[in-house]
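# Residue-level structural notes
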Amino acid sequence: METVSENKAFGGIQGVYTHGSEACQCDMTFGLFLPEEAKDGPVPVLWYLSGLTCTHENAMTKAGAQVWAAEQGIALVFPDTSPRGEGVADDEAYDLGQGAGFYVNATEAPWAPHFSMWDYVAEELPALLTDRFAIDPDRQGITGHSMGGHGALTLAMNLPGRFRSVSAFAPICNPTAADWGQKQLRAYLGDDEAAWARHDSSLMMQKTGFDGPILVDTGTADQFIDLLRPEALAAAVAERRQQAVLRLQPGYDHSYFFVSTFMEEHVAFHADALYAD
């Protein structure tokens, strides 16, 4: 692992690091904010998964999360959204390939050799973080935006006991029934739609739910709301009678202005769960 940069921020350190990834078979970059409390021992951690076209850097610089994480004594992890580099498959479209990993393990050509973002986020990067940094693996929460909100919800519901809380900003809620999802799931996982289900938070809500608090915000003026399908997740939550707070925020769109507006509430939401006895 190599250090790209480390900057003091809100009493803690915002770092950027690269390492060779076995899961993705290429070099990967991630951001990590460690609050001042990490000097004295392991701290809770909140994962932030970014959306289409983003790298580790977008949320790190635009979401305004560090100030609230520092206030709560929580670490923040900003993984990349896909493998990158020479020899890694890509596509001319913005919603497939590099920048659009969709947090799945691809099984189809040409994606399979590198696009194992599920294993990277669920297994490899957590092991690296707990080995190298003062991170408490027993106190984890996860959040994300858009494609990253999809990843946060599906990881939380597929990995019972891993995360104490999950939240999302404008998540892709029902990708098996929307253009943002069907295209990518078919490309990465093939035509067997049964393999898609674990990557659809509305279907996973019906099947397993989540043993913990859920918070989801979506803007009513989101230009992609028909692709996000928040109503599908709401119906699944109601059907399961799952504990969840699903909010439609009047006038907000899909941008980081929306994300940063509600970031304080999301960090506080996770802090309540991460510090609960």
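Preceding block: the structure.
Just so you know, these numbers come straight off a predicted model, no measurement behind them.

Turning our attention to the packing of helix α3 (residues 117-132) against helix α4 (residues 147-158). One can describe the packing of α3 onto α4 by two numbers: an axis separation of 12 Å at closest approach and a directional angle of 60°. Comparing the axis directions of α3 and α4 gives the class oblique. Handedness of the crossing formed by α3 with α4: right-handed. Along the contact surface, α3 presents W118, V121 and A122, while α4 presents T154, L155 and N158.

Here we take up the nonpolar core. If you look at the biggest cluster of nonpolar residues, it comprises 88 residues, and the most contacted ones within it are L32 and Y188. Setting aside residues up to four positions removed in sequence, L32 forms contacts with I13, Q14, G15, Y17, A75, L76, V77, L129, F133 and I135.

Reported here for the largest pocket is a volume of approximately 200 Å³. Taken together, 13 residues make up the lining of the largest pocket; nearest its centre are L52, T53, H145, F224 and H254.

A few words on α3. At L125, α3 is bent by approximately 35°, the largest bend along its length, and proline P126 sits one to four residues beyond. Among the residues making up α3, those that are buried are M117, W118, Y120, V121, A122, E124, L125, P126, L128 and L129. Residues of α3 that are buried in the fold lie against β2 (12-21), β3 (26-34), β4 (43-49), β5 (75-79), β6 (135-144) and α4.

With that settled, consider the sheet that holds strand β1 (residues 2-9). Taking strand neighbours across the sheet as the criterion, the nine strands line up as β1-β2-β3-β5-β4-β6-β7-β8-β9 in an open arrangement whose pairing is mixed. In this open sheet, the two strands that pair with only one neighbour each are β1 and β9 (245-249). Neighbour to neighbour, the strand axes of the sheet diverge by 20° on average, direction disregarded. As judged from the four bridges shared by strand β7 (residues 165-169) and strand β8 (residues 214-219), these two strands associate in the parallel manner. Counted as the bridge partner of F169 is D217 from β8. Taken strand by strand, helix α9 (residues 256-274) contacts β4, β6, β7, β8 and β9, and its axis lies near 175° from that of β7.

In this model, A109 is joined to P110 through a cis peptide bond whose omega is 0°. Here P110 shows up in the loop between β5 and α3. Phi angles above zero are rare outside glycine, and Q25 is one such case at about 55°. Counting through the fold element by element, Q25 comes out in the loop between β2 and β3.

Looking now at the side chain of S50. Here S50 is to be found in the loop between β4 and α1 (57-62). Assessed through its relative accessible area of 1%, S50 is described here as buried. With residues near it in sequence (within four places) discarded, S50 still touches T55, A59, T81, Y103, H145, M147, G148 and Y256.

With that settled, consider the environment of D253. With respect to the secondary-structure elements, D253 resides in the loop between β9 and α9. For the pair D253 and I225, spaced 28 residues apart in sequence, the C-alpha to C-alpha distance is 8.9 Å. Apart from the residues lying within four places of it in its own chain, the contact partners of D253 are A221, D222, Q223 and F258. One polar contact links D253 to S255, side chain to side chain, over a distance of 2.7 Å.

A separate point is the pairing of β1. The pairing of β1 with β2 spans seven bridges and is classified as antiparallel. Looking at β2, one finds that S5 is bridged to V16. From the end of β1 to the start of β2, which pair antiparallel, there are two residues, and F10 there has a positive phi angle of about 50°.

Reading the values: rules and limits
Starting from 1, residues in each chain are numbered consecutively following that chain's sequence as written. Local features are withheld for residues below a pLDDT of 70 in this predicted model, meaning they are given only at 70 or higher, and side-chain atom pairs are given and counted only at 80 or more; totals for whole chains, interfaces and linings count all residues. Values shown for side chains rest on all heavy atoms present in the structure; no hydrogens or waters enter the calculation. Axes here mean lines fitted to C-alpha atoms, for a helix over just the part in contact, with angles spanning 0 to 180 degrees between N-to-C directions. Numbering of helices and strands runs from the N terminus, with a helix taken as a DSSP run of H or I at least four residues long and a strand as a DSSP run of E at least two residues long. Roughly parallel means an angle under 35 degrees; roughly antiparallel, over 145; roughly perpendicular, 65 to 115; everything else is oblique. Put simply, a crossing is left-handed when the front helix is turned counterclockwise from the back one by less than a right angle, and right-handed when it is turned clockwise. By definition in these notes, contact holds between two residues if any of their heavy atoms fall within 4.5 Å. Buried Ala, Val, Leu, Ile, Met, Phe, Trp, Tyr and Cys residues that are joined via side-chain atoms within 4.5 Å together make up what is termed a nonpolar core. When accessible area is computed with a 1.4 Å probe and restricted to protein chains, residues below 20% of their type maximum are described as buried, those above 50% as exposed, and intermediate ones as partly exposed. The pocket and cavity definitions rest on a 1 Å grid over protein atoms only: a 1.4 Å probe that fits but cannot leave marks a cavity, an open set with protein on both sides within 12 Å along at least five of seven lines marks a pocket, and residues lining either have an atom within 4 Å of a point. Grid points are joined across faces, edges and corners, and a volume is the space filled by probe spheres set on the points. Axes are fitted to the seven residues ending at a residue and to the seven starting at it; the angle between these axes is taken as the bend at that residue. For two strands to pair, DSSP has to find at least two bridges joining them. Two N or O atoms form a polar contact when they lie within 3.5 Å of each other; inside protein one atom must be a possible hydrogen donor and the other a possible acceptor, and for residues adjacent in sequence the pair counts only when both atoms belong to side chains.

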